[in-house]
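Okay, here's what each chain looks like letter by letter:
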Amino acid sequence: MLSTKFSQYLTLLFLAGFLIVAGCSKSNDQREFENQSLSAPSNFTATPTQGEITNNDPDDWRISPMYRGLINIGTGISSFQPPYPNPMDFNQNLTINIYLSNIDNLDRLEVYSFELVSEAGKPPIAVRDDISSPSLVTIQLNGQEISGKSGGSQANGLYRIRILDGDLNVITYGDIKIGSE
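Quick look at the structure, then.

### Examining the pattern of salt bridges
Thought 1: On inspection of all chains with the given rule, the structure shows seven salt bridges.
Thought 2: Close ionic contact of arginine 62 with aspartate 59 constitutes a salt bridge, the shortest N to O distance being 3.0 Å.
Thought 3: The salt bridge partner of arginine 108 is glutamate 110, with a shortest N-O separation of 2.6 Å.
Thought 4: A residue is classified by how much of its surface remains accessible, and glutamate 110, at 7% relative accessible area, is buried.
Thought 5: Where salt bridges share partners, they join Arg108, Glu110 and Asp129 into one cluster.

Now the structure itself:
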C-alpha cells in the first residue's frame, strides 16, 4: 500500500501536470476556428482597388477568438477593410492591412496560401518579424506568391489566405480570387 505522503506527492504531481496542459491548450472556439480555416476556399469578399466592399462573404476575414478585440483587418481597431483588390490580376499586388492593438506576446505574423486543402502544409509565403503594437502592419502579396504558379491562366483560381502568429495560432483567414470575376 502506498504511503500517505507518496499519495499526496502523486496527487500534487498529477494536478500540476493537468494545470500545465490545460493552461497551454486552445479553447474549443479557437480550435473550431482553425479547423474552419483549413476548409476549401469558397466565395470571396469582392473589394475593388481602394478596398470598398462590393460583395461580402461573411466567412472571410473574421478574427479568431484568441485575438478578437486585439486585432482588426483594416487601418484601425474598428475600421474593417478586407484585403484589396479582390479579385485581382496575377500581376497586381494584394494589400492586407492589419491593425494590432496592445498585444505583448505577438512578435511574428506568417501568411500562408493554398488552393487545394492538400496544399495547406506549404511553407509561409510571407513572414513579418518586425511586429510591435499598437501598430498598423501592411502586407503586400503578388499573384505569384499567392498562387505559387508562374502566371497565365494556370494561376487563375480561388485561394485561401491564412494569417497565423509565431506560435501557429490562426489569427484570420479569407479567400482571394486571381483572375477575372
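### Brief notes about the sheet that holds strand 9 (residues 170–178)
Adjacent strands of a sheet pair through backbone hydrogen bonds, lying either parallel or antiparallel.
Thought 1: One open sheet holds the five strands; their spatial order is 1-9-8-5-6, and the pairing between them is antiparallel. Two strands lie at the open edges of the sheet, namely strand 1 (62–63) and strand 6 (126–128), each paired on one side alone.
Thought 2: Sheet analysis places strand 1 next to strand 9, joined by two bridges and oriented antiparallel. Looking at the pairing, isoleucine 63 lines up with threonine 172 of strand 9.

### Some thoughts on unusual backbone geometry
Thought 1: Across the junction of tyrosine 84 and proline 85, the peptide omega takes the value -10°, indicating a cis bond.
Thought 2: Summarising the element assignment, proline 85 is placed in the loop between strand 3 (79–80) and strand 4 (93–100).
Thought 3: Here the amide bond leading from asparagine 86 into proline 87 is cis, since omega sits at 10°, within 30 degrees of zero.
Thought 4: Summarising the element assignment, proline 87 is placed in the loop between strand 3 and strand 4.
Thought 5: Of note in the backbone geometry, asparagine 43 takes a positive phi value of approximately 65° without being a glycine.
Thought 6: Structurally, asparagine 43 is set in the loop between helix 2 (28–37) and strand 1.
Thought 7: In this model, tryptophan 61 sits at a positive phi of 65°, which is unusual for a non-glycine residue.
Thought 8: Counting through the fold element by element, tryptophan 61 comes out in the loop between helix 2 and strand 1.
Thought 9: Given the relative accessible area of 3%, tryptophan 61 is considered buried.

How each quantity is defined
- Residues numbered from 1 in each chain as written.
- Predicted model: local features only at pLDDT ≥ 70, side-chain atom pairs only at ≥ 80, totals over all residues.
- Heavy atoms only, no water.
- Salt bridge = Lys/Arg side-chain N within 4 Å of Asp/Glu carboxyl O.
- Buried < 20%, exposed > 50% of the residue type's maximum accessible area, 1.4 Å probe, protein only.
- Pairing = 2+ DSSP bridges.
- Helix = DSSP H or I, 4+ residues; strand = E, 2+ residues; numbered from the N terminus.

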